[in-house]
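Below, each chain spelled out in residue letters.
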Amino acid sequence: MPEAPEKFNTAMATWQEWQDAPWGRLRYAIAEANLARHLDGRDGEPLRILDLAGGDGGDALRLAARGHHVTIVDYAPAMLAVAAERASAGGLTDLITCVQADVTALPADLGDGVFDVVLCHNLLQYMDDVPGTLATALAPLKRGGLFSMMAINRHSAALNIAVRETDPAAALAALDTDKSRTQTFDSALTLHTAEEIIPVLRSLGCQDVQHYGIRSFCDYITDDARKYDPAFYADLERLELATTARPPYMHTARLFQLTARKRDS
């Protein structure tokens, strides 16, 4: 079940601290680079992008800075308020639209098939109905448009526990469950794998599915303090960019990102 918006409102300070940390910066930088593979080379044409559960604009602001028009949909008003403030501070107000709504029941004025790109990043782990959520997310996308989804990778759970908590018993238990919890928002999560989601996307009319890993190395380096060193972070970012689409690293990355095109017919 989706969490109440109040949970996301009250966790704003913790969430922003996470975004500013090296692992948060990598999450957004690698996702932006992966999207650029599919969006660049369009003669500078501004695109109409829908960012579902876009929160405080972490993805949207980067895309707006590239000249695209981005509509953020989220049901937490505090998140959207921060997104609007960040857009104003960055001189991007004309390119960012914030809509408070449940992403499973989108407003009619968003229309069907009107967006060039739809993002569905870090939403799926909060939802019970995966095919239904993805079908709703794909509805506003034009035929031939780009869809991008991101979720926590279940394959990473046991490895993350073993490396960071040095608890092999807990890691063993994690192999046989898809349940977890986020401390930031104090919410229950359902974990997925790219291998499970790719067939669902194809059944919903997606093609040219590409699989990327987000943070293939960062989460397994236990010296978090060192990641704040600019030189170390720069090296780490280069490593992450080099392996985001390189097997086998995306299979054990902390997050997986899938891009696909909505079938033309």
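Every value quoted in this text rests on a predicted model; they were computed, and no experiment measured them. (Residues numbered from 1 in each chain as written. Predicted model: local features only at pLDDT ≥ 70, side-chain atom pairs only at ≥ 80, totals over all residues. Heavy atoms only, no water.)

(A) Quick look at the overall build of the chain. Helix and strand content of the chain: 11 helices and 9 strands. The C-alpha atoms of the chain give 18 Å as radius of gyration, which agrees with the globular expectation for 265 residues (18 Å, within 12%). In terms of overall dimensions, the chain has C-alpha extents of about 50 × 40 × 40 Å along its principal axes. Here the chain, with 265 residues, has 50% of them falling under the buried criterion. (Helix = DSSP H or I, 4+ residues; strand = E, 2+ residues; numbered from the N terminus. Rg over C-alpha atoms; globule rule 2.2 N^0.38 Å. Buried < 20%, exposed > 50% of the residue type's maximum accessible area, 1.4 Å probe, protein only.)

(B) Examining the pairing of strand E6 (residues 179-182) more closely. By the bridge criterion, 4 bridges tie E6 to strand E7 (residues 187-190) in an arrangement that is antiparallel. The partner of lysine 179 across the bridge, within E7, is threonine 190. Once E6 ends, the chain turns through 4 residues before running back antiparallel as E7, passing aspartate 186 with a positive phi of about 50°. (Pairing = 2+ DSSP bridges.)

(C) Quick look at the packing of aromatic side chains. In total, this model carries 3 aromatic pairs according to the counting rule given. Ring centres of tryptophan 15 and tryptophan 18 lie 5.1 Å apart, and the angle between their planes is 5°; this geometry places the pair in the stacked category. Remark: tryptophan 18 and tryptophan 15 occur in helix H2 (residues 12-20); sequence separation between them is 3 residues, near one turn of the helix. Here phenylalanine 217 and tyrosine 249 contribute two aromatic rings whose centre-to-centre distance is 5.4 Å and whose plane-to-plane angle is 35°, an arrangement assigned as tilted. One end of the pair, phenylalanine 217, is in the loop between strand E8 (206-214) and helix H10 (230-243); the other, tyrosine 249, is in helix H11 (residues 249-252), with 32 residues separating them in the sequence. (Phe/Tyr/Trp six-rings, centres within 6.5 Å; stacked < 30°, edge-to-face > 60°.)

(D) Examining the sheet that holds strand E9 (residues 255-262) more closely. With mixed pairing, 7 strands are arranged side by side in an open sheet as E3-E2-E1-E4-E5-E9-E8. If you trace the sheet from one side to the other, it starts and ends with strand E3 (96-100) and E8, each paired once. Strand-to-strand twist of the sheet, defined as the mean angle between neighbouring strand axes without regard to direction, takes the value 15°. Pairing analysis gives 5 bridges linking strand E1 (residues 48-52) to strand E2 (residues 69-74), with the strands arranged parallel. (Axes fitted to C-alpha atoms, helices over the stretch in contact; angles between N-to-C directions.)

(E) How the structure looks around the pattern of salt bridges. Tallying each qualifying case throughout the model produces 11 salt bridges. In this structure, glutamate 32 and arginine 66 form a salt bridge, with 3.1 Å as the shortest nitrogen-oxygen distance. With glutamate 32 in helix H3 (residues 22-39) and arginine 66 in the loop between helix H4 (58-65) and E2, this residue pair connects regions lying 34 residues apart in the sequence. Judged by relative accessible area, arginine 66 falls into the partly exposed class, the value being 41%. The structure contains a network of salt bridges with shared partners spanning Glu32, Arg62 and Arg66. (Salt bridge = Lys/Arg side-chain N within 4 Å of Asp/Glu carboxyl O.)

(F) Spatial organisation of the side chain of arginine 27. Along the chain, the position of arginine 27 falls in helix H3. Residue classification places arginine 27 among the buried positions, given a relative accessible area of 2%. Among the polar contacts made by the side chain of arginine 27, one reaches the side chain of aspartate 59 at a distance of 3.0 Å. (Polar contact = N/O pair within 3.5 Å; in protein donor to acceptor, adjacent residues only side chain to side chain.)

(G) Quick peek at helix H6 (residues 130-138). Regarding H6, the residues found buried are Val130, Thr133, Leu134, Ala137 and Leu138. The buried residues of H6 all sit within an arc of 130° when viewed along its axis, so they share a single face. The backbone nitrogen of glycine 132 lies 2.9 Å from a side-chain oxygen of the residue at the head of H6, namely aspartate 129. (Arc of directions from axis to C-beta.)

(H) Broad picture of the nonpolar core. Judged by nonpolar contacts, the single largest core of 49 residues is most densely connected at Val73, Leu134, Phe147, Met149, Ile197, Leu201 and Leu258. It is strand E5 (residues 141-152) that provides the largest number of residues to this core, a total of 6 residues. Excluding residues that lie within four positions of it along the chain, leucine 201 makes contacts with Leu134, Phe147, Met149, Cys206 and Leu258. (Core = buried A, V, L, I, M, F, W, Y, C linked by side-chain atoms within 4.5 Å. Contact = heavy atoms within 4.5 Å.)

(I) Geometry of the environment of proline 22. When you line up the elements, proline 22 lands in helix H3. When the C-alpha positions of proline 22 and threonine 177 are compared, they lie 28 Å apart, and in sequence the two are 155 residues distant. Not counting chain neighbours up to four residues away, the residues in contact with proline 22 comprise Lys227, Tyr228 and Tyr233.

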